[in-house]
Amino acid sequence: MYNYWDMLIDDVTIRITAGKGGDGARTFSKIKMQKGPTGGNGGKGGSVIIEGSSDLSLLNVFRFKKEVLASDGVPGQNGKKDGRNAADIIIKVPVGTIFHNLDYKTKIEITQIGQQFLAANGGNGGLGNCEFRSATNQTPMETEKGRLGQSFNVRLELKLIADVGFVGLPNVGKSSLLNELTNASAKVANYPFTTLEPNLGVYHELILADIPGLISGASSGKGLGIKFLKHVERTKILFHFIAADSAKPLSDYTTIRKELGKYNKELLNKPEYIFISKSDSIDAKTLQTIIKKFQKKAEVVLPISIYDFDSIQQVKKILEKIQKQKTI
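The paragraphs below set out a description of the structure included in this document. (Residues numbered from 1 in each chain as written. Predicted model: local features only at pLDDT ≥ 70, side-chain atom pairs only at ≥ 80, totals over all residues. Heavy atoms only, no water.)

Between its first and last C-alpha atoms helix 3 (residues 249-263) spans 22 Å; for 15 residues at 1.5 Å apiece the expected length is 21 Å, and the two agree. Listing the buried residues of helix 3 in full gives P249, D252, Y253, I256, R257, E259, L260 and G261. (Helix = DSSP H or I, 4+ residues; strand = E, 2+ residues; numbered from the N terminus. Expected span 1.5 Å × (residues − 1). Buried < 20%, exposed > 50% of the residue type's maximum accessible area, 1.4 Å probe, protein only.)

What follows concerns the environment of G146. Turning to its location among the elements, G146 is positioned in the loop between strand 7 (116-120) and strand 8 (151-158). It is 8.0 Å that separates the C-alpha atoms of G146 and K44, two residues lying 102 residues apart in sequence.

The next thing to look at is the packing of aromatic side chains. Applying the stated criterion across every chain yields a total of eight aromatic pairs. Measuring from ring centre to ring centre gives 5.0 Å for F99 and F117, while their planes differ by 75 degrees; the resulting arrangement is edge-to-face. Taken as a pair, F99 in strand 5 (residues 97-101) and F117 in strand 7 lie far apart in primary sequence, 18 residues in all. The same class applies to F99 and to F117, which are both buried. Between F239 and Y273 the ring centres are 5.4 Å apart and the planes differ by 70 degrees, which places this aromatic pair in the edge-to-face class. One end of the pair, F239, is in strand 12 (residues 237-243); the other, Y273, is in strand 13 (residues 272-277), and 34 residues separate them in sequence. (Phe/Tyr/Trp six-rings, centres within 6.5 Å; stacked < 30°, edge-to-face > 60°.)

Right, let's talk about the sheet that holds strand 12 for a bit. If you trace the six strands from one edge of the open sheet to the other, you get 10-11-9-12-13-14, paired in mixed fashion. Looking along the sheet, the strands with just one partner apiece sit at the ends: strand 10 (199-203) and strand 14 (301-303). Neighbour-to-neighbour, the strand axes of the sheet open up by a mean angle of 25 degrees, direction not taken into account. Judged from the five bridges that link them, strand 9 (residues 164-168) and strand 12 form a sheet pairing that is parallel. (Pairing = 2+ DSSP bridges. Axes fitted to C-alpha atoms, helices over the stretch in contact; angles between N-to-C directions.)

Turning our eyes to something else, we now look at the pattern of salt bridges. Applying the stated rule across the entire model yields eight salt bridges. A salt bridge links R155 to D11, with the shortest nitrogen-to-oxygen separation between them at 2.7 Å. Taken together, the residues span a long stretch of sequence, with R155 in strand 8 and D11 in strand 1 (residues 11-17) at a distance of 144 residues. Here the salt bridges do not stand alone but share partners, grouping D11, R155 and E157 into one network. (Salt bridge = Lys/Arg side-chain N within 4 Å of Asp/Glu carboxyl O.)

Here it is, written out as structure tokens:
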């Protein structure tokens with residue numbers, strides 16, 4: 001277990017601009033009897049490259065930074081020396097990011113660590129006058145300007161690829177369990193909607209995502225529902241939290257399942273564990289009654305409380321089992 005992040009920037013729009021090519025040079029030799037052209041070519045402008053990374057917090061840098069500029073190529077030099085090519089800029093983005101080119105209406109998904117693609121090509125350098133020398137033109141004055149680099153408005157949209165997603169109504173204890181398992185620092189309070197962004201934590205090698213509380217109507221955008229549901233979409237396994245002190249626990253469960261299905265029916269086919277959270281808040285008899293109501297809904301129905309050491313250990317065993325299956 002180790003500390004990760006407590007807030008996630010998952011959707012940003014920025015402008016990327018590759019560098020301009022260096023201009024070609026117009027120079028001539030000063031050596032007697034060798035007064036031909038010696039202007040070198042300009043260097044290529046830097047390109048903008050996108051690369052996949054395992055760090056899911058990488059889009060945070062674009063919270064305020066809205067433009068990425070690559071350097072220009074160096075102009076050509078005297079003595080037939082070409083200008084240096086500018087260095088490329090590599091923008092690292094989390095695996096699971098979809099790169100939308102808003103100008104060309106195209107998109108590319110980053111699915112692997114180390115995956116790269118050229119997002120904006122640097123401009124070619126211009127030719128120096130040395131390149132224009134010919135039998136009929138011994139002292140060419142012609143040169144070329146460097147070409148402009150490509151420039152685009154782009155959207156970087158992260159659809160989280162997590163191993164386990166915590167789902168449920170607001171204030172059902174998801175963030176508390178995440179903090180307990182991973183040393184994350186998700187905000188916890190005894191009122192709804194304390195979690196306004198997905199919180200992430202890592203348990204050994206498993207990425208756990210605390211999806212902010214869904215509500216009825218989430219699939220149509222109510223309560224930022226679409227923003228949160230998209231992260232559930234590519235989560236492999238669901239931990240569904242039902243508060244033990246709820247007046248209608250089955251209704252709570254149905255509400256979330258209904259919204260998941262409306263957004264994407266495939267979400268209903270994901271492996272699901274049901275956790276009866278805050279189990280310390282009710283008596284043992286009432287708790288057993290609730291558990292029986294859910295036994296036909298999932299293979300695992302587990303009462304948990306962050307104040308109950310044994311129940312937390314049972315959650316850890318489930319996670320360790322998931323980890324073993326992941327590595328097979």
